[in-house]
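# Observations on the three-dimensional arrangement
Given next are the chains, with one letter for each unit.
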Amino acid sequence: MAKFRAATDEQRAFLGELLDAGLLIESGVPGVYGRSSTFEDVRSAFDRAVNRVGADDGAERLRFPPIVPRAQFEASGYLESFPHLAGTIFDFDGDEAEAHEQSGRASRHEDWSEFQTMSDLVLVPAACYPVYPAIAARGPLAPGGVIVDAGGSYVFRAEPSGDPARLQMFHQREIVRIGEPDTVADWRDVWRDRAVALLRGLGLEADFDVASDPFFGRSGRMMAASQREQALKFEIEVQIGGPEPTAVASFNYHQTHFAEAFGLELADGGVAHTACLGFGLERITMALLRAHGLDPGTWPDPVREELWPQ
């Protein structure tokens with residue numbers, strides 16, 4: 001079981017406000033909440049704002065479920081870097097007696113894991129993961145590569161927390177760039193600046209900085225240092241529950257990692273580079289609620305016009 005991360009007083013207070021207002025709905029498990037229609041209206045409105053910002057990019061829209069084949073997940077190398085965040089799917093394949101025993105143990109809230117076997121599916125850890133094998137299956141890229149809008153899929157991270165902004169299941173709006181190195185790096189920088197402008201236009205005090213992923217273990221600390229040194233990852237941070245700002249968007253340059261894992265080739269036969277941007281839609285929704293109040297009907301007109309243009 002993943003280690004619970006305690007919340008600060010300020011984070012607990014904000015979570016209480018969201019629950020009391022009915023914007024989030026308690027499930028009994030930290031980081032797993034239902035969402036009200038008001039919360040979803042704001043989340044969807046921001047998602048549409050991202051569409052408008054990137055409308056002229058010519059991105060191909062692809063949509064995938066929040067699960068991936070285990071073979072693809074294994075090929076991605078995720079377990080080497082983030083074994084503590086992964087969520088695998090198990091199912092039952094026993095006889096009637098075992099089914100009866102499993103049911104009895106479950107009804108008593110006892111351990112029934114011995115009746116479960118690993119399936120061929122894994123919860124998707126990032127919305128971009130299904131994109132790479134799907135594009136690789138087409139063969140070599142056309143000159144200039146491809147931009148893929150992977151939408152706002154649910155993703156899973158096993159990191160239970162009392163911080164309302166640190167969810168275990170949340171929507172990650174992902175856009176992926178695959179192509180030549182300079183093209184991919186330039187695209188990432190363009191979208192980083194676009195995202196900062198979009199969030200500031202919504203009245204959020206957004207700033208970006210070089211960051212690193214939460215790699216696992218001693219070797220992970222070395223990987224994180226290298227990632228920072230090469231400026232392969234940027235994050236945009238805003239205030240949500242405090243006291244420190246929270247990352248609400250990230251911009252990752254993978255270099256050839258996914259291309260080598262899945263066989264992504266350039267038109268000339270070279271190895272492609274990839275980058276992705278991800279907006280944490282629930283975090284941005286919470287940031288807006290924190291900045292402007294829990295009733296979107298009272299938000300400043302410029303913010304409402306940006307989210308719900310007439």
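Relevant structure appears above.
In this report, the structure presented in the accompanying data block is examined. (Residues numbered from 1 in each chain as written. Predicted model: local features only at pLDDT ≥ 70, side-chain atom pairs only at ≥ 80, totals over all residues. Heavy atoms only, no water.)

All right, on to the sheet that holds strand β5 (residues 88-92) then. The strand order across the open sheet built from 3 strands is β4-β6-β5, with neighbouring strands paired in antiparallel fashion. Both edges of this open sheet fall to β4 (67-69) and β5, since each of them pairs with a single strand only. The sheet shows a mean angle of 55° between the axes of neighbouring strands, taken without regard to direction. Two strands pair when backbone bridges link them, and β4 and strand β6 (residues 116-123) are joined in this way by 3 bridges, in the antiparallel orientation. By the bridge assignment, I67 is partnered in β6 with L123. (Pairing = 2+ DSSP bridges. Helix = DSSP H or I, 4+ residues; strand = E, 2+ residues; numbered from the N terminus. Axes fitted to C-alpha atoms, helices over the stretch in contact; angles between N-to-C directions.)

So, on to the packing of aromatic side chains. Each aromatic ring pair is characterised by the separation of its centres together with the angle its planes make. Inspection of the entire model under this criterion finds 9 aromatic pairs. Taking the centre distance of 5.8 Å and the plane angle of 80° together, the rings of Y78 and Y129 count as edge-to-face. In this pair, Y78 is assigned in helix α4 (residues 78-81) and Y129 in the loop between β6 and α6 (131-136), connecting sequence segments 51 residues apart. A single burial state applies to Y78 and to Y129, both of which are buried. Taken together, a centroid distance of 6.4 Å and an interplanar angle of 70° make the contact between W191 and F279 edge-to-face. Of the two residues, W191 is situated in helix α7 (residues 181-201) and F279 in strand β12 (residues 273-280); the sequence distance between them amounts to 88 residues. (Phe/Tyr/Trp six-rings, centres within 6.5 Å; stacked < 30°, edge-to-face > 60°. Buried < 20%, exposed > 50% of the residue type's maximum accessible area, 1.4 Å probe, protein only.)

Further remarks concern the side chain of R105. Here R105 lies in helix α5 (residues 96-107). Overall, the relative accessible area of 18% leaves R105 in the buried class.

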